[in-house]
Amino acid sequence: MSGPRLVAFDLDDTLAPSKCAIPEPIGDQLVRLAERVEVAIISGGQLEQFRKQVVEQLPPAPAEVLERIHLLPTCGTQYYRLRGEEIVTVYAHALTEDERDRALAAVEQEARRLGLWESQTWGDILEDRGSQITFSALGQKAPIEAKMAWDPDGTKKGALRDAVAAALPDLEVRSGGSTSVDITHRGIDKAYGMKQLADATGISLDEMLFVGDRLDPEGNDYPVLALGVPCHAVEGWPDTVEYLEELIPTLG
């Protein structure tokens, strides 16, 4: 077989606008891709986002095709597979109650201290995703325009990440999406998720391809590039569609 045996994707701003359903062309391309190779999606989001944004939007496809789609929410601390109409758990590594409580307290305290605890929000600012605590400055349901305007150069998010990391030396604290900071067990990032995929599928990292929009050194996709996985940078879902239209015919 020529080309990669597994193609993995970031979700928000790679397969869909942030927190939005994947557009129809993306769903069609993901199924076409899964007819040829294994397909994975790795994101800081929780399983319910994967369900709404991706799984429920996929076009009809044979079960054996859908079974080639791997879902890794919260950067791979959770791993799920599609089996018919069910989403089956492979594993889920949850934070302890103590880790969760300390993470929630630290991120709120530091956000308030830095003046980043906003009064106008859309949905929850803090979210317990089981294996990950996520701070979303404007809330989970904030409109894309507001999110993009909040911290265009990443300064606010970077300051919060550094402050929370100092308060939680035993946990991993990293920048997430455009307004978010994520807290997990140490060593958890998208590179961790890719290594879990390699272990589960038997496909080596150099036989994989990762597609993401934040492969810059400050981006949350960068750990995959640093791991040595072949990567392709995109600037939004239309760019991804265009790339897959070129890639898919070369596979198989």
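Residues numbered from 1 in each chain as written. Predicted model: local features only at pLDDT ≥ 70, side-chain atom pairs only at ≥ 80, totals over all residues. Heavy atoms only, no water.

Section: the sheet that holds strand S9 (residues 180–185)
Item 1. Across the sheet, which stays open at both edges, the four strands sit in the order S6-S7-S9-S8 with antiparallel pairing between neighbours. Taken across any chain shown, the strands that pair with only one partner, and hence form the sheet edges, are strand S6 (126–128) and strand S8 (171–175). With strand direction ignored, the average angle separating the axes of adjacent strands in the sheet is 15°.
Item 2. Inspection of the sheet shows S6 paired to strand S7 (residues 133–136) by three bridges, in the antiparallel sense. Among the inter-strand pairings, Leu-126 is bridged to a residue of S7, identified as Phe-135.
Item 3. Set on the sheet, helix H4 (residues 97–113) makes contact with S6, S7, S8 and S9; between it and S7 the angle comes to about 20°.
Item 4. Against the sheet, helix H6 (residues 155–167) makes contact with S7, S8 and S9, and its axis sits at roughly 175° relative to S8, the strand it touches most. (Pairing = 2+ DSSP bridges. Helix = DSSP H or I, 4+ residues; strand = E, 2+ residues; numbered from the N terminus. Axes fitted to C-alpha atoms, helices over the stretch in contact; angles between N-to-C directions. Contact = heavy atoms within 4.5 Å.)

Notes on the packing of H4 against H6
Item 1. Relative to each other, H4 and H6 sit at 135°, their axes nearing to 9 Å. On the basis of their axis angle, the class for H4 and H6 is oblique. Here the hand of the crossing between H4 and H6 comes out right-handed. Residues Ala-106, Val-107, Glu-110, Ala-111 and Arg-113 of H4 form the contact with H6, whose participating residues are Leu-160, Ala-163, Val-164 and Ala-167.
Item 2. Its residues assigned to classes, the contact of H4 with H6 shows seven nonpolar, no polar and two charged. (Parallel < 35°, antiparallel > 145°, perpendicular 65-115°, else oblique. Left-handed = near helix turned anticlockwise from the far one by under 90°. Nonpolar A, V, L, I, M, F, W, Y, C, P; charged D, E, K, R; others polar.)

A word on the domain arrangement of the chain
Item 1. When cut into domains, the chain gives domain 1 (6–93 + 188–250) and domain 2 (97–184).
Item 2. Summarising the inter-unit geometry, the C-alpha centres of domain 1 and domain 2 are found 24 Å apart.
Item 3. Each side of the interface is counted separately: domain 1 has 17 residues, and domain 2 has 15 residues.
Item 4. Roughly 1,200 Å² of surface becomes buried between domain 1 and domain 2 when both sides are summed, with 41% attributable to carbon and sulfur atoms.
Item 5. Three residues, Lys-19, Gln-46 and Ile-188, lead the burial of domain 1 against domain 2; their summed loss comes to 33% of the area buried on that side.
Item 6. Our count for the contact surface shared by domain 1 and domain 2 stands at 11 residue pairs in polar contact (both at pLDDT 80 or more).
Item 7. Looking at the side of domain 1 that touches domain 2 residue by residue, the classes come out as four nonpolar, 10 polar and three charged. (Domains from an automatic or database assignment. Buried area = accessible area lost by both parts, 1.4 Å probe. Polar contact = N/O pair within 3.5 Å; in protein donor to acceptor, adjacent residues only side chain to side chain.)

Examining the pattern of salt bridges
Item 1. The full count for this structure, using the stated rule, is 15 salt bridges.
Item 2. Here Arg-112 ties to Glu-108 by a salt bridge, and the two come within 3.0 Å at their closest N and O atoms. Placement of the pair is Arg-112 and Glu-108 together in helix H4, with a separation of four residues, close to one helical turn.
Item 3. The class for Arg-112 is partly exposed, based on a relative accessible area of 47%.
Item 4. A salt bridge links Asp-216 to Arg-214, with the shortest nitrogen-to-oxygen separation between them at 3.1 Å.
Item 5. By relative accessible area, Asp-216 is classed as partly exposed at 32%.
Item 6. The exposure class of Arg-214 is partly exposed, given its relative accessible area of 25%. (Salt bridge = Lys/Arg side-chain N within 4 Å of Asp/Glu carboxyl O. Buried < 20%, exposed > 50% of the residue type's maximum accessible area, 1.4 Å probe, protein only.)

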